[in-house]
Amino acid sequence: MFRQAEPFGKKATPLTGFPVEFVSAARRGILLLALAATASAAQVSTSASRVAPPADPDAPALVGTGNDQAMRMTVPVTIDGHGPYRFVVDTGADRTVVSREVATALRLEAGNPATLHSMSGVGEVATVILRRLGIAGRTTNEIHAPALEQSNLGANGLLGLDTLKGRRIIMDFRRKTLSILASGEREPTDPDTIVVTARTRFGQLVLVDADVDGAPITVIIDTGAQNTIGNGALRRILGKRNRHLEFFKTELIDVTGGRLPAEVAAVGHMRIGGLNIDDLVVAFADAHPFARFGLTDRPAMLLGMDTLRGFRRVSVDFGQRKVRFLPPGAV
């Protein structure tokens, strides 16, 4: 699935680690039943006894991780001193979201109505007030968080950019840990790490040094997405370049329960900075985030957890606008 190459005169490091069976299953259409844009319909308990104890306020900012049923990384958080609850770290969400079940259990006060951008569209939603949201000993105050159905979230909530801005997220998939640090704080270093400089738009990191089968693309790191999603412009270009590319119909489900028709295919070759990925599995859909970023007519991709988990470690630094990838073959 992965191979070493030096496309377009740029030195590249091969990415290895995805099981070959993953791609084969996608080509046969077997994977389609599991595809969702943000989460599968998971049943997550709101009881504090079902999750790890809260982080020590004096401990380092290593918060550890669990995984929801969509294989996204979750961290324990406290709300107004209660919890902990499992929240997905979602670099693709502009707002922190809490489940209605948790909001009801804690009798959270209603907040101001808010605009919520989801995979299927944009709309006004009701919010509740999180007076104190605690993560690894750090507190964010007065968050007006949209309250959505837990079955659509796949967790007790999502940590969005309003709580992640100015911070660095380190996802170590080999150790199965996630760290949330201040931007610029020291992190593990490795000579094989590939650093990609990003731009920011609406607070999110956008990578422009990337291409798929030679077609330049814009990439957004989205840790809240179970699957990697490409827009219609990318699908059209790839379909023209490879007449034998097979597409399988499926449906994406977002955090509001909205459904979006999509097509899945295993594309040929993708490069991000100095990294090469072959046979990348992509769900193609005209998802709302592409329109919001002004990327409807330009090839673009939301890089989801199915792809990110192929690395040994991924670091996303919002303050320094850097994304660091450590290939799984690194010692």
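Per chain, residues are indexed from 1 in the order of the written sequence. With pLDDT at 70 or above as the cut-off, local features in this predicted model cover only qualifying residues; side-chain atom pairs require 80 or more to be listed or tallied, and sums for whole chains, interfaces and linings still use all residues. Side-chain numbers come from the whole structure's heavy atoms, not from hydrogens or water.

(A) Main features of the nonpolar core. Among buried residues, the Ala, Val, Leu, Ile, Met, Phe, Trp, Tyr and Cys ones that are joined through side-chain atoms within 4.5 Å form a nonpolar core. Type-normalised accessible area, obtained with a 1.4 Å probe on protein chains alone, sets the label of each residue: buried when under 20%, exposed when over 50%, and partly exposed for intermediate values. Core analysis: the largest hydrophobic core is formed by 60 residues, its most contacted members being Ile79, Met270 and Phe325. Core analysis: the next-biggest nonpolar cluster, separate from the first, contains 17 residues, Met119, Val281, Ala283 and Phe290 among them.

(B) Structural detail: the sheet that holds strand β21 (residues 259-266). Across the sheet, which stays open at both edges, the 8 strands sit in the order β14-β15-β18-β25-β19-β24-β21-β20 with mixed pairing between neighbours. Two strands bound the open sheet, and with one partner strand each, they are β14 (199-201) and β20 (248-253). Lying over the sheet, helix α5 (residues 232-241) contacts β19 (229-230), β21, β24 (281-284) and β25 (300-303), oriented at roughly 120° with respect to β24. In this analysis, strands are considered paired if DSSP registers two or more bridges between them. Secondary structure is summarised from DSSP: a helix means a run of H or I of at least four residues, a strand means a run of E of at least two, and numbering begins at the N terminus for each. We call two residues in contact when some of their heavy atoms are within 4.5 Å. Simply put, an axis is a line fit to the C-alpha atoms, just over the touching stretch for a helix, and the angle between two N-to-C directions goes from 0 to 180 degrees.

(C) Region of the structure containing unusual backbone geometry. Here the residue pair Gly83 and Pro84 is connected by a cis peptide bond, since its omega of 10° sits within 30 degrees of zero. Of note, Pro84 is situated in strand β4 (residues 82-89). Phi angles above zero are rare outside glycine, and Arg107 is one such case at about 55°. Following the sequence through the fold, Arg107 ends up in the loop between α2 (100-105) and β6 (114-117). Looking at Arg107, the relative accessible area reads 78%, which means it is exposed.

(D) Spotlight on the sheet that holds strand β12 (residues 177-182). Strand order in the open sheet made by the 5 strands is β12-β11-β26-β27-β13, with antiparallel pairing throughout. Only two strands of the sheet have a single neighbouring strand rather than two, namely β12 and β13 (194-197). Ignoring strand direction, the axes of neighbouring strands in this sheet form an average angle of 15°. Of the pairings in the sheet, the one linking strand β26 (residues 313-317) to strand β27 (residues 322-326) comprises 5 bridges and is antiparallel in character. Across the sheet, the residue bridging to Asp317 is Lys322, located in β27.

(E) Structural view of the environment of Gly121. Here Gly121 shows up in the loop between β6 and β7 (122-125). Taking the relative accessible area as the measure of exposure, Gly121 reaches 18% and is therefore buried. For the pair Gly121 and Ala287, spaced 166 residues apart in sequence, the C-alpha separation works out to 7.6 Å. Beyond its immediate sequence surroundings of up to four residues, Gly121 is in contact with Leu116 and His288.

(F) Expanded view of the confidence of the model for the chain. The predictor rates its confidence in each residue with pLDDT, a number between 0 and 100. When the pLDDT values of the chain are averaged, the result is 74; 76% of them are 70 or greater. Element-level mean pLDDT values for the chain span from 29 in helix α1 (residues 20-28) up to 94 in α2. With pLDDT under 50 throughout, residues 1-70 is counted as low confidence; its partners more than four residues away or in other chains account for 181 contacts.

(G) Empty space enclosed by the protein, seen in detail. The method works on a 1 Å grid over the protein atoms by themselves. A cavity is a set of points holding a 1.4 Å probe that cannot get out, a pocket is an open set with protein on both sides within 12 Å along at least five of seven lines, and residues with an atom within 4 Å of a point line them. Grid points are joined across faces, edges and corners, and a volume is the space filled by probe spheres set on the points. Applying the stated rule across the entire model yields 1 cavity of 30 Å³ or more. In this structure, the largest cavity occupies an estimated 280 Å³ of space. Considering the residues around the largest cavity, the lining is formed by 23 residues, among which Gly92, Ala93, His117, Ser118 and Pro289 are closest to the centre. Listing elements by their share of the lining of the largest cavity, those giving two or more residues are β6 and α6 (288-292). Across the lining of the largest cavity, the residue classes break down as 12 nonpolar, 6 polar and 5 charged. Residue polarity follows a fixed list, in which Ala, Val, Leu, Ile, Met, Phe, Trp, Tyr, Cys and Pro are nonpolar, Asp, Glu, Lys and Arg are charged, and the others, Gly among them, are polar.

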